[in-house]
Amino acid sequence: MLPIELNKRQELILQIVKDNGPITGENIADRLNLTRATLRPDLAILTMAGYLDARPRVGYFYTGKTGSQLLTEKIKKLQVKDYQSIPVVVDENVSVYDAICTMFLEDVGTLFVVNKEALLVGVLSRKDLLRASLGKQELTTIPVNIIMTRMPNITVCKKEDLMIDVAVRLIEKQIDAVPVTKETDKGLEVVGRLTKTNMTKVLVDLGHDEMF
Ligand code: ADP
């Protein structure tokens, strides 16, 4: 839990600990004319959120971290595995026409292209497919491997990667999605999809204070 806004009592506790810490829970309770039991949930919240730290037999002390510092720390811990979506892959030999159908049917903006061994070989974006559709080519006969962005020029991520690092990659490379991959002896297996929509989910969770 990371309450962006603390309630009055929590603010008060924080001030008492700031001024008097290290201080025991009982001592704080006395100063507020409350029982230790009444105070317990607030102390738990303040400790879990990182505003306070508790040492056995010493008491509570103020960590000195501001709300925004704590928020930044939490954001920097968010990992791809908590936000990734299911990947949609197509074989490198399917036609551009079939890829367009897959994109509509699966309702995604990026397709990952794999070879016979199910290893990542390319990426197809909406604009790649639109571009291919502009010419007078026969879309049912051109395989996607002709028009895709191919390895080794593909930006990928791993499920242990930090969301913040992937967000930087999406912005720097000006792309909408990256495949979440797993390294094998033969190459990269596609295990997930991380898109700008997943990034937006982080923002929504943050706004709703649901991520902690
Ligand atoms: P769109 O082209 O629909 O705007 P993107 O911005 O994601 O979508 O793609 C821009 C270009 O970058 C396309 O040519 C696409 O093949 C390529 N691309 C998309 N994702 C990746 C990626 N993860 N790694 C490398 N290239 C990518």
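Cut-offs and rules
- Residues numbered from 1 in each chain as written.
- Predicted model: local features only at pLDDT ≥ 70, side-chain atom pairs only at ≥ 80, totals over all residues.
- Heavy atoms only, no water.
- UniProt positions renumbered as here; feature names shortened; annotations may be inferred.
- Helix = DSSP H or I, 4+ residues; strand = E, 2+ residues; numbered from the N terminus.
- Salt bridge = Lys/Arg side-chain N within 4 Å of Asp/Glu carboxyl O.
- Near = heavy atom within 4 Å.
- Polar contact = N/O pair within 3.5 Å; in protein donor to acceptor, adjacent residues only side chain to side chain.
- Areas by Shrake-Rupley, 256 points an atom, 1.4 Å probe, with all protein chains shown as cover.
- 1 Å grid on protein atoms, 1.4 Å probe; cavity = no way out; pocket = protein on both sides within 12 Å on 5 of 7 lines; lining within 4 Å.
- Sits in = over half its atoms within 2 Å of the grid points.
- Nonpolar A, V, L, I, M, F, W, Y, C, P; charged D, E, K, R; others polar.
- Contact = heavy atoms within 4.5 Å.
- Pairing = 2+ DSSP bridges.
- Buried < 20%, exposed > 50% of the residue type's maximum accessible area, 1.4 Å probe, protein only.
- Axes fitted to C-alpha atoms, helices over the stretch in contact; angles between N-to-C directions.
- Parallel < 35°, antiparallel > 145°, perpendicular 65-115°, else oblique.
- Left-handed = near helix turned anticlockwise from the far one by under 90°.

Notes on the UniProt feature "domain: CBS" (unreviewed entry) in the protein chain
Sequence positions flagged by UniProt for "domain: CBS" (unreviewed entry) are, in local numbering, residues 83-141 and 148-210. Counting secondary structure, residues 83-141 comes out at 34% helix and 24% strand; the distance between its end C-alpha atoms is 36 Å.

Regarding the pattern of salt bridges
Summed over all chains, the structure comprises 10 salt bridges. Taken together, the shared-partner salt bridges connect R126, D176 and K196 into one network.

Let's talk about the site of the ligand
Neighbouring residues of the ligand: 15 residues in total, closest S125, D128, T149, T155 and D176. One nitrogen or oxygen atom from the main chain of K127 is found 3.1 Å from an oxygen atom belonging to the ligand. Expressed as a share of its isolated accessible area of 540 Å², the protein-covered part of the ligand is 84%. In a pocket analysis with a 2 Å cut-off to the grid points, the ligand is assigned to the largest pocket. Looking at the shell around the ligand, the elements that each hand over two or more residues are strand 5 (120-125), helix 6 (126-134) and strand 7 (177-183). Along the lines of polarity and charge, the residues of the shell around the ligand split into 6 nonpolar, 5 polar and 4 charged.

A few points about the environment of V191
Along the chain, V191 turns up in strand 8 (residues 188-195). Sequence separation between V191 and Q84 is 107 residues, and the spatial gap between their C-alpha atoms is 9.3 Å. Among all residues touching V191, those that are not within four sequence positions of it are Q84, P87, V180, T181 and K182.

Some words on the UniProt feature "domain: HTH deoR-type" (unreviewed entry) in the protein chain
In the UniProt entry, the feature "domain: HTH deoR-type" (unreviewed entry) is given for residues 6-70. Within residues 6-70, the helical portion is 60% and the strand portion 12%, while the C-alpha atoms at the span's ends are 13 Å from each other.

Some points on the pairing of strand 1 (residues 52-55)
When strand 1 meets strand 2 (residues 59-62), the two strands line up antiparallel, connected through 4 bridges. Directly across from D53, in strand 2, lies its bridge partner F61. Turn length for the strand 1-strand 2 hairpin, with the two strands adjacent in sequence and antiparallel, is 3 residues, and the turn residue R57 shows positive phi of about 65°.

Notes on the environment of D161
Assignment of secondary structure puts D161 in the loop between strand 6 (149-150) and helix 7 (163-173). Judged by its relative accessible area of 16%, D161 falls in the buried class. The contact partners of D161, leaving out residues within four places of it in the chain, are L78, Q79, V80, V166 and R169.

Brief notes about the packing of helix 7 against helix 8 (residues 196-207)
Where helix 7 contacts helix 8, the two axes come as close as 11 Å, and the packing angle between them is 130°. It follows that helix 7 is oblique to helix 8 by the angle criterion. Seen along the crossing, helix 7 lies across helix 8 with a hand that is left-handed. Listed contacts from helix 8 to M163, V166, A167 and L170 of helix 7 are K196, N198, M199 and V202. Here the residues of the contact of helix 7 with helix 8 are counted per class, giving 6 nonpolar, 1 polar and 1 charged.

Remarks on the environment of M199
Structurally, the position occupied by M199 is in helix 8. M199 gets classed as buried once you look at its relative accessible area, which sits at 17%. Here the alpha-carbon distance between M199 and Y83, two residues 116 residues apart in the chain, equals 8.0 Å. Apart from residues no more than four positions distant in its own chain, M199 is found in contact with M163, V166, A167, L170 and L194.

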